Amino acid sequence: LASHQWCNMAAAAHAESGGPAVCSEPAGAVISAGVLLRTLLAATARASELAVAMRRTPAFDSMVKRKPDRRMGSDITIDLVSLADLLIQRILQDDIATVIPALLGKVLGEEDGVFYDAASGKVVAVEDVPRTEGDLRALLCRILPPQLETVIDDVCEILLKPLETLIQDLDSGIVVGDYAVDNIAVWVDPLDSTTSYVNGKMPALGGMIQAESGALPSTTVLVGAFLISTGAPICGVVGQPFSTHTDDVWTSRLFWGTVGGDGGHNRSSGIFPAASKEDILHVPESQLIVRSKSEEPLVVDAIEKCFGEGATMVVNGAGYKLLSLIRGMSSAYYVGLPTTYPWDTCGPHAIICALGGDVADARTGEALRYSIANSNAHMNGVVASLSVDVIHQLVNSTADIAAELSASSIDLIA
């Protein structure tokens, strides 16, 4: 068969028989960039629907648990995570590996699949998710508290949809390139900015970074495929479940990008469902660097000395910060602390590469790379832009102060 026909034919055959679209890979098989993109998009579309369905239930607060924050290697800070976070990651892993069996065990994420139900005192494991209605309902009744019974119907409806029906109108024919299927792995973040998901509201004015940050639109679903051999990102999807809100109905959008398997020369990006750039993309009037509120003041001063007073803005969520670049709402992203992880950056990184930019180490300026074996934070921080020149400016403008802060930290530890 041609380089990708085996996957398309297998998917079509299973879809016609009423089963899930599955790629049955022969040894040494390759997968087309289009098939990989459709799979990640469809899985992210389902994840986004789930995020909305579980968030809108009146009993949502009962699903929230607290967990230690691992970002700084300590339990000092308390972060929020929801059962929705755990369930959505499990669905993403299951959907992707069902279509592409070679990715079984190689769809990686932050969550451990275990939920502590404070009401019952039980530890509930979210493992395989059945796709028959009876078994699915039994699982949901086991892991969802009684007051959430009303959402079970919605969740069942979403999970029982054939995956291929979620993105029927997508034309992925413009995406070219092939990959060795056993050379691919995926990082996922089921719900980035969970504090916004738990506590955020819908802003009165959408499409403005000042209004969306910290509100529900800053919640994102992040999915990114990379090459195991090189660590380079090749295909990414950022889902924005709460993109717009009209007549009590949420509309999700998916932003995607691919870097072709020919060494990166074939690059494609887009939005699903299709929308005009005027509706989605916003060009800042001047340089705007998005950052976290915990950034060192001396680093902020150094950046604003280079780019102008007031050039930085505090924005919630690593995924949303990177999405603001993709949407043209900001010109760069900088975080000098080790608070960002592979699951935060891999998906957006692929899209930013497809748009001609990069996501790099904030100290060295070298492009980030990904690994199955390494789930550690990006220890030197992260810098990103659609302009490589801006990346270099940020790295150079913060180099001296970053080195001083690093030396101070070592002295304190000693």
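Residues numbered from 1 in each chain as written. Predicted model: local features only at pLDDT ≥ 70, side-chain atom pairs only at ≥ 80, totals over all residues. Heavy atoms only, no water.

**Student:** Explain unusual backbone geometry to me, please; I cannot follow it from the model alone.
**Tutor:** Excluding glycine, a negative phi dihedral is what most residues carry, and trans is how most peptide bonds are arranged. Backbone geometry places serine 193, a non-glycine residue, at a positive phi of 65°. Counting through the fold element by element, serine 193 comes out in the loop between β8 (184-192) and α6 (194-199). (Helix = DSSP H or I, 4+ residues; strand = E, 2+ residues; numbered from the N terminus.)

**Student:** What am I meant to see in the packing of helix α10 (residues 318-326) against helix α11 (residues 342-354) here?
**Tutor:** Each pair of packed helices gets described by two things: the angle between the helix axes and the distance between those axes. Orientation of α10 relative to α11, taken along the N-to-C sense of each, is 5°, at an axis distance of 9 Å. In terms of axis orientation, α10 runs roughly parallel to α11. Of α11, the residues touching α10 (which contributes Ala318, Leu322, Leu325 and Ile326) are Asp344, Thr345, Pro348, Ile351 and Ile352. Residue composition of the contact of α10 with α11, by class: 7 nonpolar, 1 polar and 1 charged. (Axes fitted to C-alpha atoms, helices over the stretch in contact; angles between N-to-C directions. Parallel < 35°, antiparallel > 145°, perpendicular 65-115°, else oblique. Contact = heavy atoms within 4.5 Å. Nonpolar A, V, L, I, M, F, W, Y, C, P; charged D, E, K, R; others polar.)

**Student:** Explain the sheet that holds strand β14 (residues 312-314) here, please?
**Tutor:** In any sheet, the strands associate via hydrogen bonds between backbone groups, in a parallel or an antiparallel arrangement. Strand order across the open sheet formed by 5 strands is β14-β13-β15-β17-β16, with mixed pairing between neighbours. The two strands at the open ends of the sheet, each matched to only one other strand, are β14 and β16 (358-361). In this sheet, neighbouring strand axes are inclined to one another by 25° on average, regardless of whether the strands run parallel or antiparallel. By the bridge criterion, 4 bridges tie β16 to strand β17 (residues 382-385) in an arrangement that is antiparallel. By the bridge assignment, valine 359 is partnered in β17 with alanine 384. Packed on one face of the sheet, α11 meets β16 and β17 and runs near 120° to β16. (Pairing = 2+ DSSP bridges.)

**Student:** I'm lost on the sheet that holds strand β10 (residues 233-246) in this one. Help?
**Tutor:** Strand order in the open sheet formed by 6 strands is β4-β8-β9-β10-β11-β12, with mixed pairing between adjacent strands. This sheet does not close on itself; its edge strands, each paired only once, are β4 (107-109) and β12 (267-272). In this sheet, neighbouring strand axes are inclined to one another by 15° on average, regardless of whether the strands run parallel or antiparallel. Direction of pairing for β4 relative to β8: parallel, over a ladder of 3 bridges. What sits directly across from valine 107, in β8, is valine 186. Along the sheet, α11 contacts β4, β8, β9 (220-227), β10, β11 (249-259) and β12; its crossing angle with β10, the most-contacted strand, is approximately 100°.

**Student:** How should I be thinking about the nonpolar core in this particular structure?
**Tutor:** Across soluble globular proteins, nonpolar side chains show a tendency to be buried alongside one another. Of all hydrophobic cores here, the largest spans 65 residues; its most connected members are Leu36 and Leu140. Of all the elements in the fold, those that place two or more residues in this core are α2 (33-55), α3 (83-99), α4 (133-143), α5 (149-159), β8, β9, β10 and β11. In this structure, leucine 36 is in contact with Ile31, Ile100, Tyr179, Ile184, Ala225, Ile234 and Cys235, ignoring residues within four places of it in sequence. In this structure, Ala185, Phe226, Ile351 and Ala377 belong to the second largest nonpolar core, which totals 33 residues. (Core = buried A, V, L, I, M, F, W, Y, C linked by side-chain atoms within 4.5 Å. Buried < 20%, exposed > 50% of the residue type's maximum accessible area, 1.4 Å probe, protein only.)

**Student:** Hey, could you run me through the environment of serine 252 in this one?
**Tutor:** Inspection of the secondary structure assignment puts serine 252 in strand β11. Those residues within four positions of serine 252 in sequence are excluded, and the remaining contacts are Ser48, Val52, Gln240, Pro241, Ser243 and Pro273. Among the polar contacts listed, one links the side chain of serine 252 to the backbone oxygen of proline 241, at a separation of 2.8 Å. (Polar contact = N/O pair within 3.5 Å; in protein donor to acceptor, adjacent residues only side chain to side chain.)

**Student:** Looking at this model, I keep getting lost on the side chain of arginine 46. Mind explaining?
**Tutor:** Looking at the element boundaries, arginine 46 is found in helix α2. For arginine 46, a relative accessible area of 1% corresponds to the buried category. At 2.7 Å, the side chain of arginine 46 forms a polar contact with the side chain of aspartate 95. Other than its neighbours up to four places away in sequence, arginine 46 contacts Ile91, Asp95, Arg131, Ile158, Leu159, Leu160, Lys161, Pro162, Leu163 and Leu166.

**Student:** Looking at this structure, I do not really get helix α9 (residues 297-307). What am I missing?
**Tutor:** One turn of an α-helix holds 3.6 residues; hence residues three or four places apart share an orientation. Inspection of α9 places Val299, Val300, Ala302, Ile303, Glu304 and Phe307 among the buried residues, and these make up the whole buried set. Looking at the residues trailing α9, positive phi occurs at glycine 308, about 115°.

**Student:** Where do I start with the state of the cysteines in this structure?
**Tutor:** Defined simply, a disulfide is a covalent bond joining two cysteines at their sulfur atoms. Per the stated rule, a full pass over the model turns up 0 disulfides. There is no disulfide at cysteine 346, and the cysteine sulfur nearest it, in cysteine 235, is 9.7 Å away. In this model cysteine 353 remains outside any disulfide bridge; the closest cysteine sulfur is found in cysteine 346, 9.8 Å from its own. Judged by relative accessible area, cysteine 353 falls into the buried class, the value being 12%. (Disulfide = S-S within 2.5 Å.)

Shape descriptors only; they carry no functional weight alone.
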